[in-house]
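Each chain is listed here by its residues.
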Amino acid sequence: MNIQDKTQIDLLKTKIDNSRKVIIVPHNNPDGDALGAALGLYNTLRNMDKEVTVISPNEFPDFLNWMHGVNEVLIYDKSIKKSTKLIKESELVIFVDFNSLTRIKLMGELFEQDDTPRIMIDHHPFPDANVAQLQISVPEASSTCELLFHVLNEAGLKDAVTKEAAECIYAGIMTDTGSLNYNSNRPETYLIVAELLRMGIDKEHIHHMIFHNNSFDRMRLLGHALGEKMERLPELKTAYISLSQDELKRFSFKPGDTEGFVNQALWIEGVNLSALFTEKKDLIKISFRSRGGFPANKFSETYFNGGGHFNAAGGESKLKLDETVERFKKVLKEFCDANGFN
Ligand code: 5GP
Ligand code: MN
């Protein structure tokens, strides 16, 4: 990976060396890469005798609860006071897998006034300025976990990476690439995977815990989503799924249960864009996936206050679920016409 600026690595090393109390923050609704990077770094820094706390903006999905250190993760929206105190007392804050304070929701406000030194390690394009004093931003990386391992290695800290940390890091690489399917054409990714295997990780076990350990209800929700709720817009080469709160309740929804649904809608022949609309308490969460030249991040940013990667992005809407879907159809047509897609 091309981190041109060796001074960034030196600065990271110095900041870590000079700090004892470290806070690590993944993005809201943490996925495998965000929590994997947070706990990969947590386990590594703990091994270096640092006092480390991972603070997640909100709850993480059950399919990640095998990760080492997961029981020590503080959930900000459940322990605001304790989290705020720990952040105030910390000497270094490290953000992983996001590049805008809006991605940590309410927690973002806390850092607007905070002057604790901050480092950002992330692989999303278009980082905001001033997220951190040191911003290690490498969009070519398959995942923040791959970038994290690369950075630790470059900083001479590879020996501190424990097997447990390696498991978390591997989980992030695997979830962000669809098990080394997309975003993973660079040979360097495999060299890092090889290193992690050498550290003794059990790849099959990790795969099992993440992908093959579903609740019965989650599998039934998937059946409902694909069987009853998937729609197609053939002229726009698009498929989408929408799920209401009532439907989610019917299948005892838990965080993470809809992870991957949006990818499956993209598996249809002739479909270049898929979307998943999920009704949350106060907004509609939207996921986009695209194939080829459709810029999912630009589309999401333009119409749904979101962003992300070129082929995998997310956003939100304050309209009702059906209104959001109607608006999606309308603006998608506009966007395709204006940009010459389809
Ligand atoms: P997912 O659909 O899995 O939630 O997210 C796909 C990608 O888009 C991830 O890289 C994620 O970080 C990004 N993303 C998801 N939701 C949002 C959002 O609301 N705003 C921005 N800027 N990025 C998002
Ligand atoms: Mn990621």
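Rules of the game
- Residues numbered from 1 in each chain as written.
- Chains lettered and ligands numbered in written order.
- Predicted model: local features only at pLDDT ≥ 70, side-chain atom pairs only at ≥ 80, totals over all residues.
- Helix = DSSP H or I, 4+ residues; strand = E, 2+ residues; numbered from the N terminus.
- Rg over C-alpha atoms; globule rule 2.2 N^0.38 Å.
- Buried ≥ 20, exposed ≤ 12 C-beta atoms within 10 Å, placed from the backbone.
- Contact = placed C-beta atoms within 7 Å.
- UniProt positions renumbered as here; feature names shortened; annotations may be inferred.
- Near = placed C-beta within 6 Å.
- Nonpolar A, V, L, I, M, F, W, Y, C, P; charged D, E, K, R; others polar.
- Domains from an automatic or database assignment.
- Expected span 1.5 Å × (residues − 1).
- Axes fitted to C-alpha atoms, helices over the stretch in contact; angles between N-to-C directions.
- Parallel < 35°, antiparallel > 145°, perpendicular 65-115°, else oblique.

A.B. asks: I tried to follow the overall build of the protein on my own but got confused; where do I start?
C.D. replies: The number of helices and strands found in the protein is 13 helices and 12 strands. Compactness check: the protein gives a C-alpha radius of gyration of 20 Å against a globular reference of 20 Å for 342 residues, within 12% of the reference. Projected onto the principal axes, the alpha-carbon positions of the protein cover approximately 55 × 40 × 40 Å. Of all 342 residues assigned to the protein, the portion counted as buried reaches 44%. Restricting the contact set of the protein to residue pairs at least 6 apart, pairs at least 24 apart contribute 65%.

A.B. asks: How should I be thinking about the UniProt feature "domain: DDH" (unreviewed entry) in the protein in this particular structure?
C.D. replies: Here the UniProt feature "domain: DDH" (unreviewed entry) sits at residues 21-173. Taken as a whole, residues 21-173 contains 36% helix and 18% strand, while its terminal C-alpha atoms sit 27 Å from one another.

A.B. asks: Can you walk me through the site of ligand 1 in this structure?
C.D. replies: Residues in contact with ligand 1 amount to 14 residues; listed here are only the nearest, Ser-287, Gly-306, Gly-307, Gly-308 and Gly-314. When residues of the shell around ligand 1 are traced back to their parent elements, those giving at least two are β11 (307-308) and β12 (312-317). Among the elements that make up the shell around ligand 1, the one with the highest residue count is β12 (5 residues). The residue makeup of the shell around ligand 1, split by class, is 2 nonpolar, 9 polar and 3 charged. Counting residues domain by domain, the shell around ligand 1 receives three or more from each of domain 1 (6-211) and domain 2 (216-339).

A.B. asks: What is the right way to look at helix α6 (residues 163-176) in this model?
C.D. replies: Helical periodicity: at 3.6 residues per turn, an α-helix aligns residues three or four positions apart in one direction. In a regular helix each residue adds 1.5 Å, so 14 residues correspond to 20 Å; α6 covers 20 Å between its end C-alpha atoms and thus fits that length. For α6, the buried fraction is high: 13 of the 14 residues fall into the buried class. Trailing α6 by a residue or two, Gly-178 shows a phi angle of about 55°, which is positive.

A.B. asks: Can you help me understand the UniProt feature "domain: DHHA1" (unreviewed entry) in the protein in this one?
C.D. replies: The UniProt record annotates "domain: DHHA1" (unreviewed entry) at residues 251-335. For the annotated span residues 251-335, helix accounts for 34% and strand for 26% of the residues, and the straight-line distance between the end C-alpha atoms is 35 Å.

A.B. asks: Looking at this structure, I do not really get unusual backbone geometry. What am I missing?
C.D. replies: Working note: non-glycine residues mostly have negative phi, and peptide bonds are mostly trans. Phi angles above zero are rare outside glycine, and Asn-29 is one such case at about 45°. As for its placement among the helices and strands, Asn-29 is situated in the loop between β1 (21-25) and α2 (32-47). Backbone geometry places Ser-179, a non-glycine residue, at a positive phi of 55°.

A.B. asks: Can you walk me through the packing of helix α5 (residues 144-154) against α6 in this structure?
C.D. replies: To characterise two packed helices, one gives the angle between the axes of the helices and the distance between these axes. Running from amino to carboxyl end, α5 crosses α6 at an angle of 135°, the nearest separation of the two axes being 7 Å. Classified by the interaxial angle, the pair formed by α5 and α6 is oblique. The residues of α6 that touch α5, namely those facing Thr-144, Cys-145, Glu-146, Leu-148 and Phe-149, are Ile-169, Gly-172 and Ile-173. For the contact of α5 with α6, the residue count by class is 5 nonpolar, 2 polar and 1 charged.

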